[in-house]
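The chain contents come next:
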Amino acid sequence: MRRILHVLYIGFVLSKMHIAGYIASIVNSILWFIVMFVPTVIFSGYPLEALSVLLPGIYALTVASSAMWTSTEFLRWNVYQGLTDMYRENGLTVFHYLLSNSVVDSVVIGTSTYILSAYIMASYLGLGIEAALPKSYLYLFLAIALSIPTYLLVGSIIGYLMASTSISGSWINIIQMIIALGTIVPPKTFPNTWILLANPPTIVAEILRIGYNTNTLPPDILVAIGVAMIFVYTALGYFIGMLCDKRIARYGLEYRF
């Protein structure tokens, strides 16, 4: 526990160096949400339903995307300055780096993006902020709790792909589009909704949608799966993160340019 607290402290210290980047990330996510939300309202004619479906999706997608770019920072951007080597020499792997940033990215940045998007869109519709928030905050807290293990798992997967293949930013963008299935694009648009549970952020979005009563999958099953996945995703993220570190220790990073 003491080591975990030290790792989280490192993350908060590092976050002070990324204030401008965090602000840009929030603005970027909100703008993308507006681009998706306004046409949806215009063509669907159901503004509140569109808001309650898309808002949980934008939160889950923001968390997953942040994890992907945190892995990129550790295994590409920090490499240029030798920081990746320094972290690894001190026993900090890509998993530890993800863990250090998880609270800031998932809880602070992800939730800030979610609430600001809700406020802006509620104002656009001429409604109060309470109309854009879930009726039960229990599911919001559960979604936030699950978002951290989801962040660790998605980031570790990307880290392993970057260490074992010549994956580039374009591939990460493709994976971001895949992650949009079940988050921004709700499961009810697919013939088999259960298959989208293979996408970890889908569960985060669906649990948050319970608070809006717009979830596709049964609430009791979603909650049970969500609680179980907190432990499963954390364990999987750690395991894949360690595989990534072993891969780097054996073969190095091939794309140091």
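In the block above lies the structure referred to throughout.
The rules we used
- Residues numbered from 1 in each chain as written.
- Predicted model: local features only at pLDDT ≥ 70, side-chain atom pairs only at ≥ 80, totals over all residues.
- Heavy atoms only, no water.
- Helix = DSSP H or I, 4+ residues; strand = E, 2+ residues; numbered from the N terminus.
- Core = buried A, V, L, I, M, F, W, Y, C linked by side-chain atoms within 4.5 Å.
- Buried < 20%, exposed > 50% of the residue type's maximum accessible area, 1.4 Å probe, protein only.
- Contact = heavy atoms within 4.5 Å.
- Expected span 1.5 Å × (residues − 1).
- Bend = angle between axes of the 7 residues up to and from the residue.
- Axes fitted to C-alpha atoms, helices over the stretch in contact; angles between N-to-C directions.
- Parallel < 35°, antiparallel > 145°, perpendicular 65-115°, else oblique.
- Left-handed = near helix turned anticlockwise from the far one by under 90°.

Asks: What should I look at first to understand the environment of Met17 in this one?
Replies: Note that Met17 resides in the loop between helix H1 (2–15) and helix H2 (19–44). In this structure, the C-alpha to C-alpha distance between Met17 and Leu92, residues 75 residues apart in sequence, is 19 Å.

Asks: Can you walk me through the nonpolar core in this structure?
Replies: In summary, soluble globular proteins display a tendency toward joint burial of nonpolar side chains. Counting 67 residues, the largest nonpolar core has Phe33, Phe37, Leu55, Leu75 and Tyr114 as its most contacted members. Looking at this core, the elements that each hand over two or more residues are H1, H2, helix H3 (47–77), helix H5 (94–124), helix H6 (137–164), helix H7 (169–179), helix H8 (200–210) and helix H9 (219–251). Residue contributions to this core peak at 14 residues, all from H3. Ignoring anything within four residues of it in the chain, the contact list for Phe37 reads Pro47, Ala50, Leu51, Leu54, Met121, Tyr124 and Leu125. Core analysis: the next-biggest nonpolar cluster, separate from the first, contains 5 residues, Tyr22, Ile30, Val104 and Ile109 among them.

Asks: Sorry if this is basic, but what is going on with H9 here?
Replies: In an α-helix there are 3.6 residues to a turn, and that puts residues three or four apart on one side. With 33 residues, H9 ought to run about 48 Å at 1.5 Å a step, and its terminal C-alpha atoms sit 45 Å apart, in line with that. A maximum bend of about 35° is found in H9 at Met229. Here H9 has its buried residues at Leu222, Gly226, Met229, Tyr233, Gly237, Ile240, Gly241, Met242, Cys244, Asp245 and Ile248. Against the buried residues of H9 lie H3, helix H4 (83–89), H5, H6 and H8.

Asks: Which parts of the structure should I look at to understand the side chain of Gln176?
Replies: Along the chain, the position of Gln176 falls in helix H7. Every residue in contact with Gln176, bar those within four places of it in the chain, is listed here: Leu61, Ser65, Met68 and Trp69.

Asks: Would you explain the packing of H3 against H6 in this entry?
Replies: Helix-helix packing is described using two parameters, namely the angle between the two axes and the distance between the axes. For the pair H3 and H6, the least separation of the axes is 8 Å and the interaxial angle reads 40°. Considering their axes alone, H3 and H6 lie oblique with respect to each other. For H3 against H6, the interelement crossing comes out right-handed. Facing Tyr59, Val63, Ala64, Ser66, Ala67, Met68, Thr70, Ser71, Thr72, Leu75 and Arg76 of H3, the residues of H6 in contact are Ala143, Ile144, Ser147, Tyr151, Val154, Gly155, Ser156, Ile158, Gly159 and Met162.

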